[in-house]
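# Reading the structure
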Amino acid sequence: MLPRQFIAAHGGAGGKGNRFFLSNENRAPMEATPGESGEERSLQLEMKSMAHAGMVGFPNAGKSSLLRLFSNARPAVASYPFTTLNPHVGVINYRDYEQISVADIPGIIEGAHQNRGLGFAFLRHIQRCLFLLYVLDLSQPEPWTQFHSLQYELRQFDESLLHRPHIIVANKIDLPQAREALQLLRQKTQSKVIAVSALTGENAEELIMHLRELYDEHQPSQQNRKTYSYW
Ligand SMILES: Nc1nc2c(ncn2[C@@H]2O[C@H](COP(=O)(O)OP(=O)(O)OP(=O)(O)O)[C@@H](O)[C@H]2O)c(=O)[nH]1
Ligand SMILES: [Mg+2]
């Protein structure tokens, strides 16, 4: 964990106040010396989004569609890759007033670490997320290769991201052949897979509930709450 506070610039040493000049001769000194100047620094700060969950996926996998489905965020959705150019954060509201924020970042492609596509610098926005959602497109052949490529790119960026709790969100279950692909995907990975359709909303509830379980499990300061439901 990064320290929450740091000193950006030290103040200068204080001057001598009136009391310093107090003496038997001078019971009410009006003398004082000015303090030294403080340090001066120019800082450029970058805010990293701090969502609870971070979505990673290939372009067009449906990350923004999912965010629109379960939160109030309205990122653009379109049938061409790299629709999302900037990170978006959406908030899921639960009935017990708990809120989980989810970050949607631009699509990552194979070779992103060599600056292919939009590069992988956007991954910095998910570095502080408690858990990750790998969003895969089930309509693409061998969707598990997307998972491996995404993990490979994450590793190049920050190996610790691979140890982050995660689930696979297998999207586009409504499309032909998606169910067969899902079966194979499940055989080829040990990760938890939740199949959904951002288009029809199929299984959205299950995903939302599972996010809550992940959140309760990995939110150390919070007391786990057993009864909850989505708005
Ligand atoms: N059939 C079907 N289409 C979907 C589903 N989810 C998303 N799409 C479509 O897939 C396309 C891409 O969706 P986006 O949500 O923009 O994908 P993205 O992952 O945010 O893409 P980038 O921003 O380019 O990384 C759009 O045409 C969506 O309508 C789904 O579950 N089923
Ligand atoms: Mg998008």
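Note that this is a predicted model, so its numbers are computed, not measured.

## Details of the overall build of the chain
Of regular secondary structure, the chain possesses four helices and six strands. Traced from its N-terminal end to its C-terminal end, the chain shows the element sequence β-α-β-β-β-α-β-α-β-α. In summary, the chain has a C-alpha radius of gyration of 25 Å against a globular reference of 17 Å for 231 residues, an excess of more than 25%. The dimensions of the chain, computed from C-alpha atoms along their principal axes, are 95 × 45 × 30 Å.

## Details of the site of ligand 1
Close contacts around ligand 1 come from 24 residues, with Lys63, Ser65, Phe82, Thr84 and Asp174 the closest. Between ligand 1 and Thr84, the relevant distance is 2.8 Å, taken from an oxygen atom to a side-chain nitrogen or oxygen of the residue. In this structure, a nitrogen atom belonging to ligand 1 sits 3.1 Å away from a side-chain N or O atom of Asn171. Here the shell around ligand 1 gets three residues from one element, more than from any other, and that element is helix α1 (residues 63-70). Each residue belonging to the shell around ligand 1 can be placed in one class, and the counts come to 11 nonpolar, 10 polar and three charged.

## What to know about the coordination of the magnesium ion (ligand 2)
All of the protein donors around the magnesium ion (ligand 2) are Ser64 (OG) and Thr84 (OG1); their distances to the metal are 1.9 to 2.1 Å. Here the residue Ser64 occupies a position in helix α1, and Thr84 occupies one in the loop between α1 and β2 (88-93), the gap between them amounting to 20 residues. In terms of burial, Ser64 and Thr84 fall into one category: buried.

## Looking at unusual backbone geometry
Despite not being glycine, Phe82 shows a phi value in the positive range, around 60°. The residue Phe82 is located in the loop between α1 and β2 in this model. Residue Asn115 is not a glycine yet carries a positive backbone phi of 70°. For Asn115, the location among the structural elements is in the loop between β3 (99-104) and β4 (131-137).

## Focus: the nonpolar core
Ranked by size, the top nonpolar core spans 31 residues in total, and within it Leu123, Tyr134, Leu138, Leu154 and Leu185 carry the most contacts. Among the secondary structure elements, those contributing two or more residues to this core are β4, α2 (143-157), β5 (166-171), α3 (178-188) and β6 (193-195). Setting aside residues no more than four positions away along its own chain, Leu185 makes contact with Leu136, Leu138, Trp144, Ile168, Ala170 and Val193. Met55, Phe70, Ala198 and Ile208 belong to the second-largest nonpolar core, a separate cluster that totals 24 residues.

## Points about the packing of α1 against helix α4 (residues 204-218)
Viewed as axis vectors pointing N to C, α1 and α4 meet at an angle of 85°, and their least axial separation amounts to 11 Å. Judged by the inter-axis angle, α1 sits roughly perpendicular to α4. Counted together, Leu66, Leu69 and Phe70 of α1 and Ala204, Leu207, Ile208 and Leu211 of α4 form the full contact between these two elements. Residues belonging to the contact of α1 with α4 are distributed by class as follows: seven nonpolar, no polar and no charged.

## Let's talk about the UniProt feature "domain: OBG-type G" (unreviewed entry) in the chain
Summarizing the sequence annotation, UniProt attributes the feature "domain: OBG-type G" (unreviewed entry) to residues 51-216 in the numbering used throughout. Annotated as residues 51-216, this span is 28% helix and 20% strand, and its ends, taken at the C-alpha atoms, are 14 Å apart.

## Some thoughts on the sheet that holds β5
Strand order in the open sheet made by the six strands is β2-β3-β1-β4-β5-β6, with mixed pairing throughout. Each edge of the open sheet carries a strand with a single partner, namely β2 and β6. Ignoring which end each strand starts from, the neighbouring axes of this sheet average 25° apart. Direction of pairing for β4 relative to β5: parallel, over a ladder of six bridges. By the bridge assignment for β5, Leu136 is matched with Ala170. Sitting on the sheet, α3 is in contact with β4, β5 and β6, with an inclination near 170° to β6. Across the sheet, α4 touches β2, β3, β4, β5 and β6, and the angle it forms with β5 is around 170°.

What counts, and where the lines are drawn
- Residues numbered from 1 in each chain as written.
- Chains lettered and ligands numbered in written order.
- Predicted model: local features only at pLDDT ≥ 70, side-chain atom pairs only at ≥ 80, totals over all residues.
- Heavy atoms only, no water.
- Helix = DSSP H or I, 4+ residues; strand = E, 2+ residues; numbered from the N terminus.
- Rg over C-alpha atoms; globule rule 2.2 N^0.38 Å.
- Near = heavy atom within 4 Å.
- Polar contact = N/O pair within 3.5 Å; in protein donor to acceptor, adjacent residues only side chain to side chain.
- Nonpolar A, V, L, I, M, F, W, Y, C, P; charged D, E, K, R; others polar.
- Donors = N, O, S within 2.8 Å, 3.2 Å for Na, K, Ca; no water.
- Buried < 20%, exposed > 50% of the residue type's maximum accessible area, 1.4 Å probe, protein only.
- Core = buried A, V, L, I, M, F, W, Y, C linked by side-chain atoms within 4.5 Å.
- Contact = heavy atoms within 4.5 Å.
- Axes fitted to C-alpha atoms, helices over the stretch in contact; angles between N-to-C directions.
- Parallel < 35°, antiparallel > 145°, perpendicular 65-115°, else oblique.
- UniProt positions renumbered as here; feature names shortened; annotations may be inferred.
- Pairing = 2+ DSSP bridges.

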